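Observations on the three-dimensional arrangement
If you want the building blocks of each chain, they are given just below.
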Amino acid sequence: MEAFFDKYGNLFKMSFFGRPVVVVANVEALREIMVKSDFPKGSNYGNLHPLLGRGVVFIDGEEWKFHRKAINPGFGSIALKTLQPTFAKLTAKLVKVWTSHLQSSSMIDFSDAMTKLTLDIIAETGFSYPLNALD
């Protein structure tokens, strides 16, 4: 993707499996699309609802407004400040795992590692349970 960003910039249209998509790599533009506005996500997301659910990222209109308003307090600066030590601790743990893999010249499955980090963060911040998926 970096080659695309170098060639086309932080906002461009491309084909993804034969469908046109807009790629946004500008933080302010992404914030406007995903947080501040009821930006239409497109009809393709409707097909993914059985698999991904009807979360705030995948819905539009009044349903989006309802969900966004409901989850907003959980992502305010005060709430995130209380969670930050856990984020930092578990991210440091991930760095240690990756360092170990690099020292042993073994491959790192980025997707698997990020999934395990996410599981650990959700378990510890949401349920006060140290899942230790990264171990």
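Here goes a summary of the coordinates provided. (Residues numbered from 1 in each chain as written. Predicted model: local features only at pLDDT ≥ 70, side-chain atom pairs only at ≥ 80, totals over all residues. Heavy atoms only, no water.)

Things to note about the packing of aromatic side chains
Here a ring pair, both rings aromatic, is described through the centre-centre distance and the interplanar angle of the planes. Throughout the structure, instances matching the rule amount to two aromatic pairs. An angle of 40 degrees between the planes, with centres 5.6 Å apart, marks the rings of Tyr-8 and Phe-12 as tilted. Since its relative accessible area comes to 46%, Tyr-8 is described here as partly exposed. By relative accessible area, which is 7% here, Phe-12 ends up buried. (Phe/Tyr/Trp six-rings, centres within 6.5 Å; stacked < 30°, edge-to-face > 60°. Buried < 20%, exposed > 50% of the residue type's maximum accessible area, 1.4 Å probe, protein only.)

Re the pairing of strand 2 (residues 19-24)
Of the strand pairs in this sheet, strand 1 (residues 11-16) and strand 2 are connected by six bridges, and their pairing is antiparallel. Its bridge partner being in strand 2, Leu-11 is matched across the sheet by Val-24. The loop that links strand 1 with its antiparallel partner strand 2 comprises two residues; one of these, Phe-17, has a positive phi angle of about 50 degrees. (Pairing = 2+ DSSP bridges. Helix = DSSP H or I, 4+ residues; strand = E, 2+ residues; numbered from the N terminus.)

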